[in-house]
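Architecture and fold: a report
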Amino acid sequence: MKSGARLPLCAALMGLLAQPVAAQIEKVPLTRITGLDASEEELAAWKLVEARRHIKAREQAEAILKERPRSFVAHLVLGFVHHYGEADFPRALYHLKLAEQLFERRFGHRGGADTSWRWHAQLLRELAWAHGDLEHHAKKLEYIAKYNSLYEPDMIAERAWPLMKLGRFEEARLSARLGLATDIQSQRSTAYNALCAIEFEAGNDGSSYEACKRAVDASQDGLGPASAVDLTNLAEAARSLFRLDEAERASREATEARLAYYGNPWMELAELYTREGRFGEALGALREVPRYRARRPPYARNADRNESRRALAAFLLLAGRADAAARITSKALVAPDRRAHNSRDPAQDRVIVALLGRLARRMQASLRLEAASIEPVYKRPLAWLTAAWLRFEGWRSGALAARLLSDNARLVGTFQIGSAKSAVAPPWLVGEIIRIVGPGVASEALRLARKQDKRPPANAYYDAFLAEAALEMGEHERALDLASKALDGLPRAEKLLRARTQALAAHSAWERGLSERARGYYDGACQSDPGVFRRLELALPARFVVRGGGLAERAAELLARSPRLRSEDNGLAVHVQGDGSGGQVCLAASHGAVLGCARVRADGKSDADALARSLVERFHAEVFAPRVDLAQTDIHSLDGSTAVGRDMFQVLFDLE
């Protein structure tokens, strides 16, 4: 869950105080307002802050400090500039603390000067916000308490978020309820937002959904249209109850709502569409992520940069762009986001990024071995060594994930899809945990997770994960039974997890000699997400039907070496054709439908061997690629260009 947007700086210093005061200030020059005693230069610097002319404000404040090093107003101005203009939170806190010391050295700790009390009130509020942005939640509460002891109206609902971050849920609920009991609009809005997050973080999924719904419906209480933060929080709560259609509707509405400083509805949509295998729409949503971020003020612009990287890496991985996905996850692991305005455990994000990094490296290795399978024998050892090194790097990412999951509560929680403990875990990726921690440990964690989870729809997810654990232990019959049960219960929209479960069921059925049943599962996985076999490093059982001369025979020979296929008499049919005009390879389903084809044309320059290698290379690229409906999103015009041959993913790297 995300916290509500900070109220923007208004046209007056006290815009964050009581509204009647703010309204008064907008009409009255600063020099005539009681409690704002300062020199003309100091007031001019503050007016520049109000106008968001941060560079000029900083220059003015620095000039003042050269002549008057003890100007608390100049330090307050610099605190605001570094906080809101430059997003340098530590530097902002440095100047704000200096301002506090200088003010209280001059006027005392209770802000007792009638001529300057408004400066002190603003300073205390800003110190609370700055500590909050740096995740100093206890210090934020201290400054709120200090402000409340001196000034009115009290900051009430603002206490709920830091209390929740500290795990003090009952106190947080009380603060939110007290905020709702006021007639101050900002207090009520903050309270609704906080209650939504508190219940989610406390593990009360049903209560969280109801609280998030109330936050969205609060417009009936005169709070104005729902914000993007409220709507994306509702979407997250809906996902926790497996209401994916409602989550999509809320996220789409959020894209048109008031700007969210924390959270990006386009990213939420991209992850949901990716999870559902709607790759064209996911690509379109990812395009909007950097544009939406650019509309935020500087201090909030990069609050979720790594979340964007995570969404992009997952999409690229599923699209077969393992090299790009690996590079992005490497960046994300060394530069984590600040989590002050997000309710979940920050280790969640690192676990998912590490899992994506591990899978990306292993997929890179698979792609190298696929490419090597068509090369002459003397070239293959280098590819084998490269693949071994990539798998070692994948092991390192997996080791990081294992360390983060060594906390039993975190491990158990990660399997509870959609809950606060697993809010960002893509269901299609969670099975990778089993391979990292081991099927025995994972099975026990799954047992505990299921015991704690009171959401009936979650049972199918546990069956899917347990099926994977059983397969890892070599228990093919149990794996098949669990996978079959999971497929009966998983939502149709859960396309990628269903495809993964189908692939595992197919492998288990094949190992048990149930070839007819296995072919049905292979068909389903290939139709939904053929890339799952590459990610799981599974080979399809195949029988080669060859028609033609040297080109077809050579292509069949190369295909037999592919790590994605293994020769079986009753496997899926792979039709290989070739003649003087070119060649074609098609993978057929058990009922004869074509699952994917690759073709090459002879140009009169390439010999049969070169054409065969090109044909097999295209087969790997085409048949094991995601099923993207280009009608969903005009991929080639993502950056406004219709040029043929452009890299359709290039625009997405703005997300980095």
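Residues numbered from 1 in each chain as written. Predicted model: local features only at pLDDT ≥ 70, side-chain atom pairs only at ≥ 80, totals over all residues. Heavy atoms only, no water.

Description of the overall build of the chain
Heads up, the condition is: Strands are runs of DSSP state E lasting at least two residues, helices are runs of H or I lasting at least four, and both sets are numbered from the N terminus onward. Partly exposed describes any residue whose relative accessible area lies between the buried limit of under 20% and the exposed limit of over 50%, with all areas from a 1.4 Å probe on protein chains only and scaled to the type maximum. Between two residues, a contact is recorded if the distance between any of their heavy atoms is within 4.5 Å. In this description, accessible areas are obtained by the Shrake-Rupley approach with a 1.4 Å probe, and a residue is regarded as covered only by the protein chains that are shown.
Check the secondary structure of the chain and you find 30 helices and 5 strands. A buried classification covers 58% of the 656 residues belonging to the chain. Long-range pairs, those at least 24 residues apart, make up 67% of the contacts in the chain between residues at least 6 apart in sequence. As displayed, the chain offers around 26,800 Å² of accessible surface, 49% of which is attributable to carbon and sulfur atoms.

Things to note about the packing of helix α22 (residues 427–437) against helix α26 (residues 495–511)
To be explicit about the condition: Axis lines are fitted through C-alpha atoms, for helices just across the contact stretch, and the angle between N-to-C directions can take any value from 0 to 180 degrees. Every angle not falling under 35 degrees, over 145, or within 65 to 115 is termed oblique; those three ranges are roughly parallel, roughly antiparallel and roughly perpendicular.
Contact pair α22 / α26: the axes reach a minimum separation of 7 Å and the direction vectors enclose 45 degrees. Viewed along their axes, α22 and α26 adopt a mutual orientation that is oblique. Of the residues in α26, those touching α22 at Pro427, Trp428, Gly431, Glu432 and Arg435 are Leu496, Leu497 and Arg500.

Looking at the side chain of Arg500
Let me state the cut-off plainly: Each polar contact in these results corresponds to two N or O atoms within 3.5 Å; when the atoms are within protein, one needs to be able to donate a hydrogen and the other to accept it, and residues that are neighboring in sequence are counted only if both atoms are side-chain atoms.
Relative to the elements of secondary structure, Arg500 occurs in helix α26. Judged by its relative accessible area of 3%, Arg500 falls in the buried class. At a separation of 3.3 Å, a polar atom in the side chain of Arg500 contacts the main-chain carbonyl oxygen of Trp428. What Arg500 contacts, discounting residues up to four positions off in sequence, is Trp428, Gly431, Glu432, Arg435, Glu468, Val532 and Leu536.

Structural notes on the nonpolar core
This is how the line gets drawn: What is meant by a nonpolar core is a set of buried Ala, Val, Leu, Ile, Met, Phe, Trp, Tyr and Cys residues, joined one to another through side-chain atoms within 4.5 Å.
Counting residues in hydrophobic clusters, the biggest one holds 201 residues, and the most contacted among them are Phe415 and Phe533. For this core, the leading source of residues is helix α24 (residues 458–472), giving 11 residues. Those residues in contact with Phe533, other than ones at most four positions away along the chain, are Ala503, Tyr522, Ala525, Cys526, Leu538, Leu540, Arg564 and Phe624.

Some words on the state of the cysteines
Two cysteines form a disulfide when their sulfur atoms are joined by a covalent bond. Counted only if it meets this: The disulfide criterion used throughout: a pair of cysteine sulfur atoms within 2.5 Å.
Under the defined criterion, the tally for this structure stands at 2 disulfides. Linked covalently through their sulfurs, Cys196 and Cys212 form a disulfide whose S-S length is 1.9 Å. Between Cys196 and Cys212, the S-S torsion sits near 70 degrees, and that sign places the bridge as right-handed. A residue pair is termed long-range when its members are at least 10 positions apart, and Cys196 in helix α10 (residues 185–201) and Cys212 in helix α11 (residues 205–217) qualify at 16 residues. The same class applies to Cys196 as to Cys212, namely buried. Disulfide partner of Cys586: Cys597, at an S-S distance of 1.9 Å.

Topic: the environment of Arg543
Here Arg543 is to be found in strand β1 (residues 540–548). It is 8.5 Å that separates the C-alpha atoms of Arg543 and His575, two residues lying 32 residues apart in sequence. Apart from residues no more than four positions distant in its own chain, Arg543 is found in contact with Glu568, Asp569, Asn570, Gly571, Leu572, Ala573 and Val574. Here the side chain of Arg543 touches Gly571 through a polar contact of 3.3 Å, landing on its backbone oxygen.

As for the pattern of salt bridges
In plain terms, the rule: Salt bridges, as used here, are contacts in which a Lys or Arg side-chain nitrogen is within 4 Å of a carboxyl oxygen on Asp or Glu.
This structure, assessed with the given rule, holds 42 salt bridges. Between Arg275 and Glu494 there is a salt bridge whose closest N-O contact spans 2.7 Å. One end of the pair, Arg275, is in helix α14 (residues 265–275); the other, Glu494, is in the loop between α25 (476–489) and α26, and 219 residues separate them in sequence. You'll find Arg275 and Glu494 in the same group, each marked buried. The residue Glu307 makes a salt bridge to Arg310 at a minimum N-O spacing of 3.8 Å. Here Glu307 pairs with Arg310, and both are found in helix α17 (residues 305–318), just 3 residues apart, close to one helical turn. Here Glu307 falls in the buried class, since its relative accessible area comes to 6%.

Observations concerning the packing of helix α12 (residues 228–240) against helix α13 (residues 244–254)
The condition is simple: Classes in brief: Ala, Val, Leu, Ile, Met, Phe, Trp, Tyr, Cys and Pro nonpolar; Asp, Glu, Lys and Arg charged; the others, Gly included, polar.
In contact at an axis separation of 8 Å, α12 and α13 are set at 170 degrees when each is read in the N-to-C sense. The angle between α12 and α13 falls in the class roughly antiparallel. Facing α12, whose interface residues are Ala228, Leu231, Thr232, Leu234, Ala235, Ala238 and Arg239, α13 presents Leu244, Glu246, Ala247, Ala250, Ser251, Glu253 and Ala254. Per-class residue counts for the contact of α12 with α13 are 9 nonpolar, 2 polar and 3 charged.

Remarks on α22
Of all the 11 residues making up α22, 9 are buried; the element is thus mostly covered by neighbouring parts of the structure. When α22 is considered as a whole, its buried residues turn out to be Pro427, Trp428, Leu429, Val430, Gly431, Glu432, Ile433, Ile434 and Ile436. Gly438 sits one or two residues past α22 and shows a positive phi near 100 degrees.

Things to note about the sheet that holds strand β2 (residues 565–567)
Basically, it comes down to this: Strand pairing is defined by DSSP finding a minimum of two bridges between the two strands.
Strand order in this open sheet of 5 strands is β2-β1-β3-β4-β5, and the pairing throughout is mixed. The open sheet terminates on both sides in strands that have one partner only, identified here as β2 and β5 (594–601). In this sheet, neighbouring strand axes are inclined to one another by 30 degrees on average, regardless of whether the strands run parallel or antiparallel. Where strand β3 (residues 572–579) meets strand β4 (residues 582–588), 6 bridges bridge the pair, whose relative direction is antiparallel. Paired with Val576 across the two strands is Val585, which belongs to β4.

A short note on the environment of Leu124
In this fold, Leu124 is placed in helix α6 (residues 117–133). Linking Leu124 and Ala145, residues 21 residues apart in sequence, is a C-alpha distance of 9.6 Å. Each residue touching Leu124, except ones within four places of it in the same chain, is listed here: Glu100, Tyr143, Lys146, Tyr147, Leu150 and Tyr151.

Looking at the packing of aromatic side chains
Note the threshold: Whether two aromatic rings pair depends on their centres lying within 6.5 Å, for rings of Phe, Tyr and Trp, where Trp uses its six-membered ring; planes under 30 degrees apart make the pair stacked, over 60 edge-to-face, and the rest tilted. For a ring to carry a charge above it, either NZ of a lysine or CZ of an arginine must fall within 6 Å of the ring centroid while also lying within 35 degrees of the normal to the ring plane.
Tallied over the full model, the rule gives 18 aromatic pairs. Their ring planes at 25 degrees and their centres at 5.7 Å tell us that Trp117 and Tyr151 sit as a pair that is stacked. Separated by 34 residues along the polypeptide, Trp117 in helix α6 and Tyr151 in the loop between α7 (137–150) and α8 (160–165) bring together distant segments of the chain. One aromatic cluster is present, formed by Trp46, Phe80, Tyr84, Trp119, Tyr261 and Tyr299 through successive ring pairs. One Lys or Arg, Arg125, reaches over the ring of Tyr147 and ends 5.4 Å from the middle of that ring.

Quick look at the side chain of Asp463
Looking at where Asp463 falls in the secondary structure, it is placed in helix α24. The exposure class assigned to Asp463 is buried, which follows from its relative accessible area of 4%. Non-local contacts of Asp463, meaning those with residues more than four positions away in its chain, are made with Arg450, Leu482, Lys485 and Ala486.

Regarding the pairing of β5
Each regular strand shows side chains that alternate between the opposite faces of the sheet. In this sheet, β5 lies alongside β4 in antiparallel orientation, the contact comprising 7 bridges. The residue bridging Leu587 from the neighbouring strand is Gly596, located in β5.

Examining the confidence of the model for the chain
For clarity, the cut-off: A residue's pLDDT is the predictor's confidence in that residue, given on a scale from 0 to 100.
Confidence along the chain averages 87 in pLDDT terms, with 88% of residues attaining 70 or more. Within the model, the stretch residues 629–651 combines pLDDT values under 50 with 32 contacts to residues more than four positions away or in other chains.

Things to note about the pairing of β3
Pairing of β1 with β3 involves 7 bridges; the strand directions are parallel. The residue bridging Phe544 from the neighbouring strand is Val574, located in β3.

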